[in-house]
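As a plain string of letters, each chain reads:
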Protein chains: 2
Amino acid sequence: MPKPVVGESARRRRRPTKSGVVLSEGLIVRTALRMLREHGPAGLTVRRLGLALGADPSTLYRYFRGVDDLTLAIGDLLIGRAMDGWRGGGDWRAGLRDLGLRIHAAYLEHPQAAVLTASRISGKAHEIAADEAILGLLRGAGFPDHEAVGVYHTFIDMTLAFAALDAASLALPAEAREADEEIWRATYARLPRATHPNIAAVAPLLVAHMNDSAYPAALEMLLDSAASRLTRPISRPAKPGQV
Amino acid sequence: MPKPVVGESARRRRRPTKSGVVLSEGLIVRTALRMLREHGPAGLTVRRLGLALGADPSTLYRYFRGVDDLTLAIGDLLIGRAMDGWRGGGDWRAGLRDLGLRIHAAYLEHPQAAVLTASRISGKAHEIAADEAILGLLRGAGFPDHEAVGVYHTFIDMTLAFAALDAASLALPAEAREADEEIWRATYARLPRATHPNIAAVAPLLVAHMNDSAYPAALEMLLDSAASRLTRPISRPAKPGQV
DNA sequence: CCGGAACGTCAATGGCGTTGGCATAAGGTG
DNA sequence: CACCTTATGCCAACGCCATTGACGTTCCGG
């Protein structure tokens, strides 16, 4: 029996659970998001989600094929929130910067979901809308098609890559995250000048800055690089590696 | 009782397991890495690792505080392999490019492990060696300390971020990865010009390039940006976001 | 008002990481 | 060689986890 899971549209009989709650796909996803934010990365389990909803855990399998299915639904919500209220028009640079920071921020709002979904291609409506917007900004600015695709590719992958990396730190259990941050003080800041002269020389700067995100700096670099190509076109960088 | 776990150096009594294997931290980590490659990301559990080693699962807790500790050790092994055979000296640009591509490639050699470790800071020997090398290149090139730290931060985070993103695609189950790649042809390449003019205009270029890694291009951008700061210093980009 | 399907619940399965107690063999010491 | 200490490997158990199949209840279309 290959798991039915009737679609949300075909769902009719809204039988309340023992505790009186009437379930729906939307309610479950929203509750899951809230649990992730409020109770941390380990806070979301099927059992706890059922408990929070006032329903038996197994009930959720009437709505999602499994945890992975639920995760993808959450991810779809994330992309939508990133684009929510976005208005096109204006400078291509400002537009790209805004889009990048929006996507980055939206993912960091829900790190656990971000980690699971940032590297996936959904092909769903919100994702396509974002891609169309980015390409529109670049082509509207006058980039020839192959340049536009190159910048687009670097832009979206860099944004998602940083979103995933930064989200992964936030998604760690509190103790592991604190341990990571402590390493800058406890290990790097105490390396002897004799064996590690360069780290020793800049240790205070490392402690001060390494727990910030490097994405804004990387994004500006990308925008600078793209702008310089626009005014005086240069050839693309040598042989991109296969992945 | 806060879990002892004697260090590898202080370890003396090498009592063989029931199956005759003599354990060591290195053997455990290498076995774990092999299991990750052969059996996928979900293939590594303490129980299975114990089985593969011919030892009781609980024995591993004599060597690692827990799975998290083991994960960090695996990550350091990856960095060690990236740095293996690296020789300093020469142009700072060439040196940074080489280091970046080495780290990126080393992580992609073990995608499942990369996904687990790319966002972590271990503070172990190989990681420190890599950081010292990067900072040495930058300070040796004449970057003032705060610039060197800024470039270092962007460089290492960008490299690890792309490594994690690209590795995540490779680490997906084959069917899911193929489904993701197919979306470029099945969805993006078929969007009507009327509703998505920009995607439609460049669809063939997207299909041709989107499954490559954007890391080499991003890396060149970073090197260009750093070089321009070296010849004619500019201020750092505005207020990096907190993470 | 009746039959079937949708739905929530229950109980159970097989996994997981981790822990505390226990037997033992390795190493230092004489 | 004999003795003692203790690091080490093993065992059994705990409390989680996701997932499933059977079962009874409730709702809707006819």
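Quick look at the structure, then. All residue numbers refer to position in the chain's written sequence, counted from 1. The order in which chains are written sets their letters, starting at A; the order in which ligands are written sets their numbers, starting at 1. Owing to the predicted nature of the model, reporting of local features is limited to residues with pLDDT of at least 70; listing and counting of side-chain atom pairs is limited to 80 or more, with chain, interface and lining totals taken over all residues. Here the side-chain values reflect all heavy atoms present in the structure, with hydrogen atoms and water set aside.

**A look at the environment of Gly20(A)**
Residues and elements named next belong to chain A.
Okay, so step 1: The numbering of helices and of strands both runs from the N terminus, where a helix is a DSSP run of H or I of at least 4 residues and a strand a run of E of at least 2. Here Gly 20 is to be found in the segment before α1 (25–39).
Okay, so step 2: Using a relative accessible area of 48% as the deciding quantity, one classes Gly 20 as partly exposed.
Okay, so step 3: Linking Gly 20 and Gly 54, residues 34 residues apart in sequence, is a C-alpha distance of 7.9 Å. Buried means the residue's accessible area, taken with a 1.4 Å probe over protein chains only, is under 20% of the maximum for its type, while exposed means over 50%, and partly exposed covers the values in between.

**Brief notes about the pattern of salt bridges**
All names here are of chain A.
Okay, so step 1: In the sections that follow, a salt bridge refers to a side-chain nitrogen of Lys or Arg positioned within 4 Å of a carboxyl oxygen of Asp or Glu. The tally for this structure, following the rule as stated, stands at 18 salt bridges over all chains.
Okay, so step 2: Salt-bridge contacts for Glu 109 lead to Arg 37; the nearest nitrogen and oxygen are separated by 2.2 Å. A residue pair is termed long-range when its members are at least 10 positions apart, and Glu 109 in helix α4 (residues 92–109) and Arg 37 in helix α1 qualify at 72 residues.
Okay, so step 3: The partly exposed category is assigned to Glu 109, whose relative accessible area is 44%.
Okay, so step 4: Here Arg 93 ties to Glu 220 by a salt bridge, and the two come within 3.7 Å at their closest N and O atoms.

**Section: the packing of helix α4 (residues 92–109) of chain B against helix α6 (residues 125–140) of chain B**
All names here are of chain B.
Okay, so step 1: Inter-axis angles, ranging from 0 to 180 degrees, are taken between N-to-C directions of lines fitted to C-alpha atoms, where helices are fitted over the stretch in contact. Interhelical geometry of α4 versus α6 gives an angle of 160° and a closest axis separation of 9 Å. What the angle tells us is that α4 and α6 run roughly antiparallel. Of the two possible hands of crossing, α4 and α6 adopt the one that is left-handed. Contacts from Trp 92, Gly 95, Leu 96 and Leu 99 in α4 reach Ala 133, Ile 134, Leu 137 and Leu 138 in α6.
Okay, so step 2: Looking at side-chain class alone, the contact of α4 with α6 contains seven nonpolar, one polar and no charged residues. Note on terminology: angles under 35 degrees are roughly parallel, angles over 145 are roughly antiparallel, angles of 65 to 115 are roughly perpendicular, and the others are oblique. Crossing handedness is read from the near helix: turned anticlockwise from the far helix by less than a right angle, it gives a left-handed crossing, and turned clockwise, a right-handed one. Only heavy atoms enter the contact rule, under which two residues are in contact if any of them lie within 4.5 Å. When residue character is reported, Ala, Val, Leu, Ile, Met, Phe, Trp, Tyr, Cys and Pro are called nonpolar, Asp, Glu, Lys and Arg charged, and the others, Gly included, polar.

**Quick notes on the interface of chain B and chain A**
Okay, so step 1: Of the residues lining the interface, 66 residues belong to chain B; the matching set on chain A comes to 65 residues.
Okay, so step 2: By definition, the buried area sums, over both parts, the 1.4 Å-probe accessible area that each loses when the two are put together. Both faces combined, the contact of chain B with chain A buries some 6100 Å², and carbon together with sulfur accounts for 68% of it.
Okay, so step 3: In this assembly, chain B and chain A are joined by one salt bridge.
Okay, so step 4: Residue Asp180(A) pairs with Arg120(B) through a salt bridge whose shortest N-O separation is 3.0 Å.
Okay, so step 5: For this analysis, a polar contact is any N or O atom pair within 3.5 Å, provided that within protein one partner can donate a hydrogen and the other can accept it, and provided that sequence-adjacent residues contribute only side-chain to side-chain pairs. Taken together, the links from chain B to chain A amount to 14 residue pairs in polar contact (both at pLDDT 80 or more).
Okay, so step 6: Those elements giving two or more residues to the side of chain B that touches chain A turn out to be α6, α7 (145–171), α8 (174–186), α9 (197–209) and α10 (215–231) of chain B.
Okay, so step 7: Broken down by element, the residue count for the side of chain B that touches chain A peaks at 17 residues, all from α7(B).
Okay, so step 8: When its residues are assigned to classes, the side of chain B that touches chain A shows 37 nonpolar, 17 polar and 12 charged.

**As for the packing of α4(A) against helix α7 (residues 145–171) of chain A**
Residues and elements named next belong to chain A.
Okay, so step 1: Relative orientation of the contacting elements α4 and α7 amounts to 30°, with a least axis distance of 9 Å. Between α4 and α7, the angle is such that the two are roughly parallel. When you trace α4 past α7, the crossing you get is right-handed. Where α4 abuts α7, its residues Leu 96, Leu 99, Gly 100, Ile 103, His 104, Tyr 107 and Leu 108 lie against Phe 155, Ile 156, Thr 159, Leu 160, Phe 162, Ala 163, Asp 166, Ala 167 and Leu 170.

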